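Spelled out, the chains give:
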Amino acid sequence: MQSAPLASSVGAASGDSVVSPLLPSCGGPRRNLFRFFASSRSESSLGAADGTKAAEKAPSAEASGDGAAGGGDVYRRLVSGTEGEKDFRVLLSKKSGERLSPWHDIPLFPNGRDARPLLFNMVVEIPKNTRRKMEMQLRLPFTPIMQDLKKDGSLREYASTLYWNYGAFPQTWEDPREPGGREVFHARGDGDPLDVVEIGSEVLPVGGVVPVKVLGALAMIDGGELDWKVLAIREGDPLFSQLNSVADVERLCRGVVPGIREWFRWYKLPTDNVVNQFGHDEAALPAADAERVVYRAHEHYLRLLSEEHEGEVEEGEAVRKEDEKESHRQEARGRNVAVYIETKERPPATGEAPADARQRETETKAGEKGEHVRKQKLWLP
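Residues numbered from 1 in each chain as written. Predicted model: local features only at pLDDT ≥ 70, side-chain atom pairs only at ≥ 80, totals over all residues. Heavy atoms only, no water.

For clarity, the cut-off: UniProt positions are given in the numbering used here, feature names are shortened, and annotations may be inferred rather than shown by experiment.
Per an unreviewed UniProt entry, the protein goes by inorganic diphosphatase and derives from Toxoplasma gondii. The Sequence similarities (unreviewed entry) comment attached to the protein in UniProt states, word for word, "Belongs to the PPase family."

Here it is as structure tokens:
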């Protein structure tokens with residue numbers, strides 16, 4: 001069947017024939033989500049926590065700093081430090097050796113805005129089948145890709161394996177000062193480049209620059225902030241020509257769209273006791289609407305560069321008191337999860353719809369964040 005290439009791509013990347021519990025397809029086995037996350041701290045047959053299987057798939061790209069990054073004749077990866085350590089970082093450069101920022105210096109449109117099919121450049125931050133939380137560091141010179149840190153200074157890893165290539169669109173920014181519409185509970189942007197989930201069969205290296213076609217988008221609400229997850233397929237993937245919409249993905253790659261939504265809904269539960277929400281009635285927006293999301297994030301980025309703040313922008317995030325104890329934060333998060341699950345499963349006695357309750361709660365958080373604003377220093381060219 002045509003659904004096999006993507007449905008089984010999780011195992012194919014590591015040489016296994018395992019079907020992901022979050023990617024049901026062709027009658028593949030599924031496990032309970034809570035049981036899966038509870039056991040996900042140990043190494044999974046879908047990929048070790050240290051990402052060794054993914055590294056084995058691309059030894060040349062990981063072993064040297066001059067490996068081709070996607071469009072190999074244009075950009076090169078500059079790798080320094082030891083993978084899995086705090087000093088590990090990835091930058092990009094031209095053939096001439098000129099250093100490039102993966103956020104500022106890579107164009108959003110590889111072939112121009114009027115080209116058809118319309119393609120966008122994606123900068124890969126996290127290869128599929130790995131757990132390390134790699135991310136562009138927007139406050140450091142040239143915005144290198146490094147492993148994110150927890151509040152205690154230790155390296156951050158996801159509690160479960162990420163089954164798709166994950167990264168960001170260059171020259172985009174989700175503006176934290178601009179509230180969204182009612183369909184996203186008026187949530188504001190998270191102050192980061194726009195995220196992209198690439199569902200193809202190949203494991204892509206950290207720092208890879210690959211042209212992708214947009215297929216749809218999920219409006220995730222994380223901590224009261226709007227954090228879009230744009231779904232895309234890499235140019236050159238075996239299913240590239242057959243996938244042009246969310247409907248195509250659901251037809252040829254059953255389970256991928258709900259798998260992505262549920263992964264991002266629950267992935268913070270084991271470590272932060274948080275369950276994320278989704279706008280637009282949890283539906284994936286069609287490709288045309290998703291492209292408009294990318295255009296809007298690009299416009300926000302251009303506006304950011306034009307402002308005379310020298311990198312000082314309002315992040316639109318609620319400020320927590322520095323002396324607030326961790327136990328209090330955990331207690332508050334626990335109450336939020338309990339309220340969400342209760343209203344999701346059992347409507348309140350007043351008869352109010354669960355969606356209305358969640359929307360009011362999110363709007364209240366957004367209003368509170370508008371009253372408490374902190375400054376964030378971004379490295380801008």
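Still more to cover.
Quick look at the UniProt feature "binding site: Mg(2+) 1" (unreviewed entry) in the protein
Cut-off, in case you're wondering: Strands here are runs of E lasting at least two residues and helices are runs of H or I lasting at least four, both read from the DSSP assignment and numbered beginning at the N terminus. Here a residue-residue contact requires only that any non-hydrogen atoms of the pair lie within 4.5 Å. Contacts described as polar in this section are N or O atom pairs within 3.5 Å, which, within protein, must combine one atom able to donate a hydrogen with one able to accept it, while residues neighboring in sequence count only if both atoms come from side chains.
Mapped onto this numbering, the UniProt entry gives "binding site: Mg(2+) 1" (unreviewed entry) at E125 and D195. For the annotated residues, spread through 71 residues, the largest C-alpha to C-alpha distance comes to 9.9 Å, consistent with a single compact locus. Take E125: it is sitting in strand β4 (residues 120-126). Filtering out sequence-adjacent residues up to four positions away, E125 remains in contact with M134, E135, M136, I145, Y166, G167, A168 and V206. Only 2.9 Å separates the side chain of E125 from the backbone nitrogen of M136, close enough to count as a polar contact. Relative to the elements of secondary structure, D195 occurs in strand β11 (residues 195-198). Not counting chain neighbours up to four residues away, the residues in contact with D195 comprise Y166, G167, A168, F169, E174, D227, W228, K229 and V230. Here Y166 takes part through its side chain, which lies 2.9 Å from a polar atom of the side chain of D195.

Considerations on the packing of aromatic side chains
Note the cut-off: Working definition: rings of Phe, Tyr and Trp (its six-membered ring) pair if their centres are within 6.5 Å, and the pair is stacked with planes under 30 degrees apart, edge-to-face with planes over 60 apart, and tilted otherwise. Each residue's exposure class comes from its accessible area (1.4 Å probe, protein chains only) as a fraction of the maximum for that residue type: buried when under 20%, exposed when over 50%, partly exposed otherwise. For a Lys NZ or an Arg CZ to count as sitting over a ring, it must be within 6 Å of the ring centre and within 35 degrees of the ring normal.
Applying the stated rule across the entire model yields 13 aromatic pairs. Judged by centre distance (5.4 Å) and plane angle (45 degrees), the ring pair of F109 and F120 falls under tilted. Of the two residues, F109 sits in the loop between β3 (99-100) and β4 while F120 sits in strand β4, which places them 11 residues apart along the sequence. Judged by relative accessible area, which is 15%, F109 ranks as buried. Ring pairs connect the aromatic residues Y158, Y166, W263, F264 and Y267, which therefore count as one cluster. The ring centre of F142 lies 5.6 Å from the NZ or CZ of R99, which sits over that ring.

Some remarks on the environment of Q277
Here Q277 shows up in strand β14 (residues 277-278). Sequence-wise, Q277 and W266 are 11 residues apart; in three dimensions their C-alpha atoms are separated by 9.5 Å.

What about helix α9 (residues 287-306)?
Helical periodicity: at 3.6 residues per turn, an α-helix aligns residues three or four positions apart in one direction. Convention followed: Working rule for helices: expected span equals 1.5 Å times residues minus one.
Its 20 residues give α9 an end-to-end C-alpha distance of 29 Å, which sits within 8% of 28 Å, the value for a rise of 1.5 Å per residue. Residues of α9 that are buried: A287, A290, V293, V294, Y295, A297, H298, H300, Y301 and L304.

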